[in-house]
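Close look at the chain arrangement
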Number of protein chains: 2
Amino acid sequence: MELPEQGAALGGAMRAPIGVFDSGIGGLTVAAALRRMLPLEDILYIGDTARVPYGGKSASTIERYGREISGMLLAEGAKMIVVACNTASALAVPRLQQSLEVPVIGVIQPGAAAAVEATRNGHVGVIATRATVQSGAYEREIHRLNPEIRVSAQACPLLVPLIEEGWMNDPVTRLVIERYLGGLLELGIDTLVLGCTHYPLLRESLGAFVGEGIALVDSAQNCAMRVDAELKSRGMASSGSDSGSLRVTLTDPSAAFLDVAQEALGLEVGEVRVRPVQMLSE
Amino acid sequence: MELPEQGAALGGAMRAPIGVFDSGIGGLTVAAALRRMLPLEDILYIGDTARVPYGGKSASTIERYGREISGMLLAEGAKMIVVACNTASALAVPRLQQSLEVPVIGVIQPGAAAAVEATRNGHVGVIATRATVQSGAYEREIHRLNPEIRVSAQACPLLVPLIEEGWMNDPVTRLVIERYLGGLLELGIDTLVLGCTHYPLLRESLGAFVGEGIALVDSAQNCAMRVDAELKSRGMASSGSDSGSLRVTLTDPSAAFLDVAQEALGLEVGEVRVRPVQMLSE
């Protein structure tokens, strides 16, 4: 099966939704930032909860998942694909950008640019999933902008499960943060990239541990700014005056964490649809 | 697509392998118990690492995954399916037992029987994934054997990620165990079912917390005994005299945890194959 044609021609139907996807619910931090910044846009969000998490899986599997979920968004007429998942951004965005005709925006480039902007001492820390760290995507992107900057990355596989358990402000979570981040602080970073869309939900605990001297770079906010700029420069922004909506589709109905995220983000989500993944035959 | 015919007729080809599957690597605790108890049997193990974990997903998705992975094992000639995953045992085994012609053995029934055997005060605790706890499968199975026994279940979603991080004997893990198990101890259980195939790897930390007065029931060991009995009663045991082997197939190549498990279990695993899942069309 080929990827479906995108439903919206680039020039017309500017009421077409922005397609956003993540391995699960974490990407709602990006959706929330988009809702705040672009209130007139419709957003169609797919969380691949049937296969969550992506963070420990291989590049080839994550790339295939990215193509499958993008295909579902395009079939619904998405005018742009926002990959609201650091792991999929690191591993699937380059190929999606080559193969799709709509713009594809990930969270890595905006986050890397913001980190380069923020650092004063030229040493940036990155926390992310194992797959994102192994991909080296943040290093590559930061060095493309400024090869002098030192990048130290730390995989933090337990942070997502802790957030999904709802233990955002908890002694256990603080202990785990200390374990993962202690080494980065000793190395002397002055900027920390939250390289997973779940992590902004831990902002308070992370900030308390690293202290005020270290800038936290949140990919959700920076990604939304990039989307805004891209829509404007291509003349693709919504031309309507009605406020937009957020529709959420999950590939598996089980979403204990959806309530946690909605509450933490103050998000208005209507009916949540469930649709199994449409697999691509190779 | 229909499920493939099983490759081995029940009466013949007793050199056919026992098919074992889990959402990931945890089921190797069952494979290790089978290797010890049935050294002449060949074991074909599939870990569905492309979609791991199952524990937070819905019944319908887990049931479909169970049918897909069983189909892969049958296509390789498995004479029996062992569901070495509590979540899939709770949610997929009943339908697999109805639809497949080979015997299907899960870990819930053997674990429940062992718990009924072990309890003295008639109060059994169960720790498991969220999906297993929500299924009520252990309660149902224990009450089928003895309706008088009280069952208290606790979902422990963080234990698998902690084990996969290799933090088996760690202050963080001890703190999490205390949080999850404190309530069960206060309720007065005298038996604790380790209702997830990962948990035997935490046996030491769990035992240290609950103390010697509480019997730990390990589904891996009890499941292997049930497989042994079933093979003998059906005349399906391996008739060869060569020692059997363990072959491992993963649906995603990323398996950081495979090394941890192999070492902890002292397992001899040859070449690990990677094959994508064969999806069933409905």
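Residues numbered from 1 in each chain as written. Chains lettered and ligands numbered in written order. Predicted model: local features only at pLDDT ≥ 70, side-chain atom pairs only at ≥ 80, totals over all residues. Heavy atoms only, no water.

Turning to the relation of the copies chain A and chain B, a few remarks are in order. For the pair chain A and chain B, the relating rotation is 180°, the translation along its axis is 0.0 Å, and the fit reaches an RMSD of 0.0 Å. Both copies are brought into coincidence by an operation consistent with a two-fold rotation axis. Nearest to the rotation axis, the C-alpha of A:R51 is located 2.3 Å from it, this being the minimum over chain A. Residue by residue, 100% of the interface of chain A is reproduced at the interface of chain B, so both copies engage with the same surface. (Least-squares fit on C-alpha atoms with pLDDT ≥ 70 in both. Contact = heavy atoms within 4.5 Å.)

Let us look at the pairing of strand β3 (residues 80-83) of chain B. All names here are of chain B. Residues M80 and V82 of β3 are buried on one face, and the alternating residues I81 and V83, pointing to the opposite face, are buried as well. Sheet analysis places β3 next to strand β4 (residues 104-106), joined by three bridges and oriented parallel. Following the sheet pairing, I81 is matched in β4 by V104. Crossover connection from β3 via helix α3 (residues 86-99) to parallel β4: handedness right-handed. (Buried < 20%, exposed > 50% of the residue type's maximum accessible area, 1.4 Å probe, protein only. Helix = DSSP H or I, 4+ residues; strand = E, 2+ residues; numbered from the N terminus. Pairing = 2+ DSSP bridges. Right-handed = clockwise from strand over helix to strand, strands pointing away.)

One pass over the full model with this rule turns up four aromatic pairs over all chains. Here the aromatic rings of A:W167 and B:Y180 are separated by 5.7 Å at their centres, their planes lie at 40°, and the arrangement is tilted. Of the two residues, A:W167 is situated in the loop between α7 (159-164) and α8 (171-187) and B:Y180 in helix α8 (residues 171-187); the pairing between them involves two chains. Taken as a pair, A:W167 and B:Y180 share a single burial class, namely buried. A ring pair is formed by B:Y54 and B:Y65, whose centres lie 5.4 Å apart and whose planes are at 45°; its orientation type is tilted. Of the two residues, B:Y54 is situated in the loop between β2 (43-47) and α2 (59-75) and B:Y65 in helix α2; the sequence distance between them amounts to 11 residues. Sitting over the ring of B:W167, A:R179 keeps its end group 4.5 Å from the ring centre. (Phe/Tyr/Trp six-rings, centres within 6.5 Å; stacked < 30°, edge-to-face > 60°. Lys NZ or Arg CZ within 6 Å of the ring centre and 35° of its normal.)

Our focus in this paragraph is α3(B). Residues and elements named next belong to chain B. Taking 1.5 Å per residue as the helical rise, α3 with its 14 residues ought to reach 20 Å, and the 19 Å between its terminal C-alpha atoms agrees with that figure. A maximum bend of about 60° is found in α3 at A92, where proline P94 lies one to four positions downstream. The complete set of buried residues in α3 reads N86, T87, A88, S89, A90, L91, A92, V93 and L96. (Expected span 1.5 Å × (residues − 1). Bend = angle between axes of the 7 residues up to and from the residue.)

With that settled, the discussion passes to the environment of A:L181. Residues and elements named next belong to chain A. The residue L181 is located in helix α8 in this model. Taking the C-alpha atoms as reference, L181 lies 30 Å from G66; in sequence the two are 115 residues apart. Apart from the residues within four sequence positions on either side, L181 is in contact with I127, L192, L206, F209 and V210.

So, on to the sheet that holds strand β6 (residues 150-155) of chain A. All names here are of chain A. Taken in spatial order, the four strands of this open sheet run β6-β5-β7-β8, and their pairing is parallel. Every other strand in the sheet has two partners, leaving β6 and β8 (215-218) as the edge strands with one partner each. Looking at each pair of strands side by side, their axes are set apart by 25° on average, direction ignored. Note that strand β7 (residues 191-195) and β8 share four bridges and pair parallel. For L192, the partnering residue across the bridge sits in β8 and is L216. Sitting on the sheet, helix α4 (residues 108-118) is in contact with β5 (123-128), β7 and β8, with an inclination near 160° to β8. The strands touched by helix α10 (residues 219-233) within the sheet are β7 and β8, with β8 carrying the most contacts at an inclination of about 50°. (Axes fitted to C-alpha atoms, helices over the stretch in contact; angles between N-to-C directions.)

Attention now goes to the interface of chain A and chain B. Opposite the 33 residues of chain A that make contact, chain B presents 33 residues. Buried area between chain A and chain B, summed over both chains or domains, comes out near 2500 Å², and the portion from carbon and sulfur atoms is 58%. Counting the surface chain A buries against chain B, the share from its top three residues, A:L158, A:E165 and A:R179, is 20%. Here chain A and chain B share four salt bridges between them. Of the charged contacts, one joins B:D170 and A:R179 as a salt bridge, the two residues approaching to 2.8 Å between their closest N and O atoms. Seen at the junction of chain A and chain B, the total is 16 residue pairs in polar contact (both at pLDDT 80 or more). Among the elements of the structure, α2 (59-75), α7 and α8 of chain A are those that each provide at least two residues to the side of chain A that touches chain B. No other element matches the six residues that α8(A) contributes to the side of chain A that touches chain B. The residue inventory of the side of chain A that touches chain B, partitioned by class, reads 19 nonpolar, five polar and nine charged. (Buried area = accessible area lost by both parts, 1.4 Å probe. Salt bridge = Lys/Arg side-chain N within 4 Å of Asp/Glu carboxyl O. Polar contact = N/O pair within 3.5 Å; in protein donor to acceptor, adjacent residues only side chain to side chain. Nonpolar A, V, L, I, M, F, W, Y, C, P; charged D, E, K, R; others polar.)

Spatial relationships are all this shows, so hold off on functional conclusions.
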